[in-house]
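Coordinate inspection notes
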Amino acid sequence: MPIKIAPSILSADFGAFAEATRELSEAGADYVHIDVMDGHFVPNITFGPQLVRALRPVTPTPFDTHLMIERPEQYVAEFARAGSNLVTVHPEATYHLQRVLQQIKDAGARAGVALNPATPLTAIEWVLGDLDRVLVMTVNPGFGGQAFLPEMLAKIADLAQMRAAHGLRFEIGVDGGVNPDTAPLVARAGADVLIAGSAVFHHPDGFDTAIAEIRRAAEQVRDQDRKATREPA
């Protein structure tokens, strides 16, 4: 799968969301990542479906909404109706994961799950066929700007092997500490969608340069690996 970049507006200027969303689209973002937190499942409070609805007319770029909330079954349909193209929930936050995934799809969105660092892949083994994305958290969720957890590279690689073994096509996303230095590591492990916040919004040369640098770093290591597999030993 091609490398896709999904900047997280959690790192944007909260007084200029519409402008930032428009600029991300113009800079080549493949998704706009929207982090929704409730102050219970994670120790922070951010946005609701009203923000998604307000930003939807600004850009045609798909909205990738990550629900870090308890009881997501109460809200997934509303986020989909507001304009989220993909809605991601946590298996740790609901008793009936498969039912929630079906609710997302019934509402017209694609369905994803996100795994906290301590949550094993076995938590989603029996719903892999229902998924459009698995998001591996490479930080503990709640706040932007955290350091990347290198221990999660093995988890990404194991997930990529599971995807290949089952002949599935879900995206593998990575969220937390993604920048031009860590992008090659996660891409080599098997990630396709790279969520980046600080590395995009705090880049001194703007969104387009930041997105291009992360994408190039990830694609270069993939090209190297493909070349290595074609060369005779």
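Details of the structure are given in the entry above.
This one's a predicted model, so the numbers in the text were calculated from it and none came from an experiment.

**Points about the overall build of the chain**
When its secondary structure is counted, the chain shows 8 helices and 8 strands. Compactness check: the chain gives a C-alpha radius of gyration of 17 Å against a globular reference of 17 Å for 233 residues, within 12% of the reference. With 233 residues in all, the chain has 53% of them scored as buried. Accessible surface computed for the chain: about 10500 Å², of which carbon and sulfur atoms make up 51%. Charged side chains in the chain number 20 positive and 29 negative. The centres of these two groups are separated by 6 Å.

**Structural notes on the packing of aromatic side chains**
On inspection of all chains with the given rule, the structure shows 4 aromatic pairs. Each ring, one from Phe-17 and one from Phe-47, has its centre 5.3 Å from the other, and the planes form 90 degrees; the classification is edge-to-face. With Phe-17 in helix H1 (residues 17-26) and Phe-47 in the loop between strand E2 (32-37) and helix H2 (49-55), this residue pair connects regions lying 30 residues apart in the sequence. The structure contains a cluster of three or more aromatic residues connected by ring pairs, namely Phe-14, Phe-17 and Phe-47. A cation over an aromatic ring shows up here: Arg-163 above the ring of Phe-170, its NZ or CZ 5.9 Å from the ring centre.

**What about helix H5 (residues 152-166)?**
In this model, H5 (15 residues) spans 21 Å end to end at C-alpha, consistent with the 21 Å of a helix rising 1.5 Å per residue. Taken together, the buried positions of H5 are Met-152, Lys-155, Ile-156, Leu-159, Ala-160, Met-162 and Arg-163. The buried side chains of H5 occupy one side of the element, clustering within an arc of 160 degrees when seen end-on. Exposed side of H5, more than 90 degrees from the buried face: Gln-161, Ala-164 and Ala-165 are the residues found there. In this fold, the buried residues of H5 make contact with strand E5 (110-115), strand E6 (133-137), strand E7 (171-175) and helix H6 (183-189). A positive phi of about 65 degrees marks Gly-167, the residue just after H5.

**Digging into H1**
Every buried residue of H1 is listed here: Phe-17, Ala-20, Thr-21 and Leu-24. Across the axial projection of H1, the buried residues extend over an arc of 100 degrees, all falling on one side. Directly beyond the C-terminal end of H1, a positive phi value near 100 degrees is found at Gly-28.

**Some thoughts on unusual backbone geometry**
One non-glycine residue, Arg-71, lies in the positive phi region at around 50 degrees. You can see Arg-71 is positioned in the loop between strand E3 (63-68) and helix H3 (76-82).

**A look at the pattern of salt bridges**
Under the defined criterion, the tally for this structure stands at 9 salt bridges. A salt bridge links Arg-71 to Glu-73; the shortest N-O distance between them is 4.0 Å. By relative accessible area, which is 28% here, Glu-73 ends up partly exposed. For Arg-110, the salt bridge identified is with Glu-171, shortest N-O distance 3.7 Å.

**A closer look at the pairing of strand E8 (residues 193-196)**
Looking along a regular strand, one sees the side chains alternate between the two faces of the sheet. Covered by surrounding structure in E8 are Val-193 and Ile-195 together with Leu-194 and Ala-196, the residues of both alternating faces. The sheet contact formed by E7 and E8 spans 3 bridges and is parallel. Each residue of the ladder has a partner; that of Val-174, found in E8, is Leu-194. Each parallel crossover has a hand, and the one from E7 via H6 to E8 is right-handed.

**Structural notes on a negative patch on the surface**
Residues Asp-13, Glu-19, Glu-23 and Glu-26 make up a contiguous surface patch of negative charge. Relative to the helices and strands, Asp-13 resides in the loop between strand E1 (4-7) and H1. Note on Asp-13: relative accessible area 53%, which makes it exposed.

**Here's the deal with the side chain of Thr-182**
Positionally, Thr-182 belongs in the loop between E7 and H6. A polar atom in the side chain of Thr-182 sits 2.9 Å from the backbone nitrogen of Asn-179. Apart from residues lying up to four places away in sequence, Thr-182 is in contact with Phe-148 and Gly-177.

Thresholds, definitions, all that
- Residues numbered from 1 in each chain as written.
- Predicted model: local features only at pLDDT ≥ 70, side-chain atom pairs only at ≥ 80, totals over all residues.
- Heavy atoms only, no water.
- Helix = DSSP H or I, 4+ residues; strand = E, 2+ residues; numbered from the N terminus.
- Rg over C-alpha atoms; globule rule 2.2 N^0.38 Å.
- Buried < 20%, exposed > 50% of the residue type's maximum accessible area, 1.4 Å probe, protein only.
- Areas by Shrake-Rupley, 256 points an atom, 1.4 Å probe, with all protein chains shown as cover.
- Lys, Arg positive; Asp, Glu negative; His and termini not counted.
- Charge placed at Lys NZ, Arg CZ, Asp CG, Glu CD.
- Phe/Tyr/Trp six-rings, centres within 6.5 Å; stacked < 30°, edge-to-face > 60°.
- Lys NZ or Arg CZ within 6 Å of the ring centre and 35° of its normal.
- Expected span 1.5 Å × (residues − 1).
- Arc of directions from axis to C-beta.
- Contact = heavy atoms within 4.5 Å.
- Salt bridge = Lys/Arg side-chain N within 4 Å of Asp/Glu carboxyl O.
- Pairing = 2+ DSSP bridges.
- Right-handed = clockwise from strand over helix to strand, strands pointing away.
- Patch = residues over 30% accessible without salt bridge, like charges linked within 9 Å, V, L, I, M, F, W, Y side chains within 5 Å.
- Polar contact = N/O pair within 3.5 Å; in protein donor to acceptor, adjacent residues only side chain to side chain.

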